[in-house]
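Residues per chain, in single letters:
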Amino acid sequence: MEFKIYPFNTHTNYFSADIMATYKGKWVFCKHKNRTTWEHPSGWIEEGESALEAAKRELFEETGSIEFDIEPLCDYYIDMELNGFHYKGNGQVYFATIYSFGEIPPYSEMGEIGFFDTLPDNLTYPILKRYFSIAEKKLQAKQETILYSD
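Residues numbered from 1 in each chain as written. Predicted model: local features only at pLDDT ≥ 70, side-chain atom pairs only at ≥ 80, totals over all residues. Heavy atoms only, no water.

The name an unreviewed UniProt entry assigns to the protein chain is NUDIX domain-containing protein, from the organism Candidatus Blautia merdavium.

A. Structural view of the pattern of salt bridges. Following the criterion strictly, the structure yields 8 salt bridges and no others. Close ionic contact of aspartate 117 with lysine 26 constitutes a salt bridge, the shortest N to O distance being 2.6 Å. On the criterion of sequence distance, the pair formed by aspartate 117 in the loop between strand 8 (110-116) and helix 2 (129-149) and lysine 26 in strand 3 (residues 26-32) is long-range, its members being 91 residues apart. Close ionic contact of glutamate 49 with arginine 57 constitutes a salt bridge, the shortest N to O distance being 2.8 Å. Glutamate 49 gets classed as buried once you look at its relative accessible area, which sits at 18%. (Salt bridge = Lys/Arg side-chain N within 4 Å of Asp/Glu carboxyl O. Helix = DSSP H or I, 4+ residues; strand = E, 2+ residues; numbered from the N terminus. Buried < 20%, exposed > 50% of the residue type's maximum accessible area, 1.4 Å probe, protein only.)

B. Here's a closer look at the packing of aromatic side chains. Considering all chains together, one arrives at 16 aromatic pairs under this definition. Measuring from ring centre to ring centre gives 5.6 Å for tyrosine 23 and phenylalanine 115, while their planes differ by 40°; the resulting arrangement is tilted. With a gap of 92 residues between them, tyrosine 23 in strand 2 (residues 14-23) and phenylalanine 115 in strand 8 connect regions that are remote in the sequence. Each member of the aromatic cluster is reached from another via a ring pair, and the members are Phe15, Trp44, Phe85, Tyr87 and Tyr125. (Phe/Tyr/Trp six-rings, centres within 6.5 Å; stacked < 30°, edge-to-face > 60°.)

C. Spatial organisation of a nonpolar patch on the surface. A cluster of nonpolar residues, Phe60, Ile66 and Tyr107, forms a patch on the protein surface that exposes about 320 Å² of accessible area. Among the structural elements, isoleucine 66 can be located in strand 6 (residues 65-82). (Patch = residues over 30% accessible without salt bridge, like charges linked within 9 Å, V, L, I, M, F, W, Y side chains within 5 Å. Areas by Shrake-Rupley, 256 points an atom, 1.4 Å probe, with all protein chains shown as cover.)

D. Representation of the nonpolar core within the structure. Of all hydrophobic cores here, the largest spans 25 residues; its most connected members are Met20, Trp27, Phe29, Ile78, Leu128 and Tyr131. Contributing elements (two or more residues each) for this core: strand 2, strand 3, strand 6, strand 7 (85-101) and helix 2. The biggest single contributor to this core is strand 6, with 6 residues. In this structure tyrosine 131 touches Phe3, Ile5, Asp18, Met20, His40, Leu73, Cys74, Tyr76 and Val93, once residues within four positions along its chain are discounted. Ranked by size, the runner-up nonpolar core spans 15 residues in total, among them Ile19, Ala21, Ala55 and Tyr94. (Core = buried A, V, L, I, M, F, W, Y, C linked by side-chain atoms within 4.5 Å. Contact = heavy atoms within 4.5 Å.)

Here's what the structure looks like:
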């Protein structure tokens, strides 16, 4: 079992793009149609797609986000079983600030989104706690920038 976090763009050959997203200062999580737990937007990188393109696509598909800024957060390497599936390889994590939502697409596997001040207790992938602190620092820095620029 292995999970390590690295600076952004440390690796190559990414299989997954993960997004830590906020809306009006709240964390955005989604709930799969077949689960009762919350998860961050994420998904497989498709053939010919960059990790950033996958992150943007997944953010829309899983939350209905239509206007947002997205930027690098970190890389990770994983080799472990989670929820009955073995994950092995490199992933990239992005930080998104969402400004507006449309509907979650009907083909999405997600059934709803929720807004949280902190991480929800019932997470599908508790491993994300390991890079959530990096996302919290990014959010705090963004809020301080807005506060001081006013």
